[in-house]
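Structure at a glance
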Amino acid sequence: MIVRLGGIGWAGVRDMREVSVPVVDAGLVGDVSVPGNAGGVVLFAHGSGSSRHSPRNMAVGRALNDRGLATVLVDLLTADEEARDEVTAELRFDIGMLAERLAGIVDWMGADPELGQLPIGLFGASTGAAAALVAAAARPDRVGAVVSRGGRPDLAGSSLTGVRAPTLLLVGGLDEQVIVLNEQARDALGEVAELRIVPGATHLFEEPGTLEQVAEQAGTWFTTHLRQPHPA
């Protein structure tokens, strides 16, 4: 299903549409925004208890649209699963399932007439960063770059050594425990990864100006590395 929202949206976006993405075990709802002459597309993997309507991810998405990058924000859980997860909080930590769905969305994007020719990046937040890295390892010929915001890349486990895409790990300077976990993940990722600390930011980057720094650094990372998909 495609629902076109039509017209020129924010940041000169020429096409905004709601989509239903079929993956192995579900149909997932998402929002696609494509600016004119897009040079790449970024798929967002939201974090624990969040959705495609996350105000932080939407803000970063608009900034990426400004940089000439298309964006795809998808709910990784169905409505029934979200209701269950609100009670149990179990599905948000099922990294394997989330990564499999992300990989399925990457495959769908590759077959989409509008997105199929664009190099793909993944932007993950919190536990979504782990799922993004597992998906990147599973699709090394399709994923050209990864950015993690306040992520838990350590939860990607042994998949970290299989990531070939240039990976930027962004962590708040006041998020001390997560800094340690990202340092460990950076070491496992090896030379493809870079860790940057955003001064004065806590885990959710709610402090004035900190999310803007994330958007700026993510935009530069993607426009630099999404020229062609990274070779396997």
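Contact geometry of helix α1 (residues 55-66) with helix α6 (residues 210-225) gives a least axis separation of 9 Å together with a crossing angle of 45 degrees. Accordingly, the angle class assigned to the pair α1 and α6 is oblique. For the crossing formed where α1 meets α6, the hand is right-handed. Residues R56, A59, V60, A63 and L64 of α1 lie in contact with α6, whose contacting residues are L211, V214, A215, A218, G219 and F222. Classifying every residue of the contact of α1 with α6 by side-chain character gives nine nonpolar, one polar and one charged.

Take α6 next. Between its first and last C-alpha atoms α6 spans 23 Å; for 16 residues at 1.5 Å apiece the expected length is 22 Å, and the two agree. For α6, every residue scored as buried is listed here: T210, L211, V214, A215, Q217, A218, G219, W221 and F222.

Now for the packing of aromatic side chains. Scanning the entire structure with this criterion turns up one aromatic pair. Judged by centre distance (4.9 Å) and plane angle (40 degrees), the rings of F44 and F123 are tilted. Within this pair, whereas F44 is found in strand β4 (residues 40-45), its partner F123 is found in strand β6 (residues 120-125), the two being separated by 79 residues in sequence. No difference in accessibility class separates F44 from F123, as the two residues are buried.

The rules behind each value
Residues numbered from 1 in each chain as written. Predicted model: local features only at pLDDT ≥ 70, side-chain atom pairs only at ≥ 80, totals over all residues. Heavy atoms only, no water. Axes fitted to C-alpha atoms, helices over the stretch in contact; angles between N-to-C directions. Helix = DSSP H or I, 4+ residues; strand = E, 2+ residues; numbered from the N terminus. Parallel < 35°, antiparallel > 145°, perpendicular 65-115°, else oblique. Left-handed = near helix turned anticlockwise from the far one by under 90°. Contact = heavy atoms within 4.5 Å. Nonpolar A, V, L, I, M, F, W, Y, C, P; charged D, E, K, R; others polar. Expected span 1.5 Å × (residues − 1). Buried < 20%, exposed > 50% of the residue type's maximum accessible area, 1.4 Å probe, protein only. Phe/Tyr/Trp six-rings, centres within 6.5 Å; stacked < 30°, edge-to-face > 60°.

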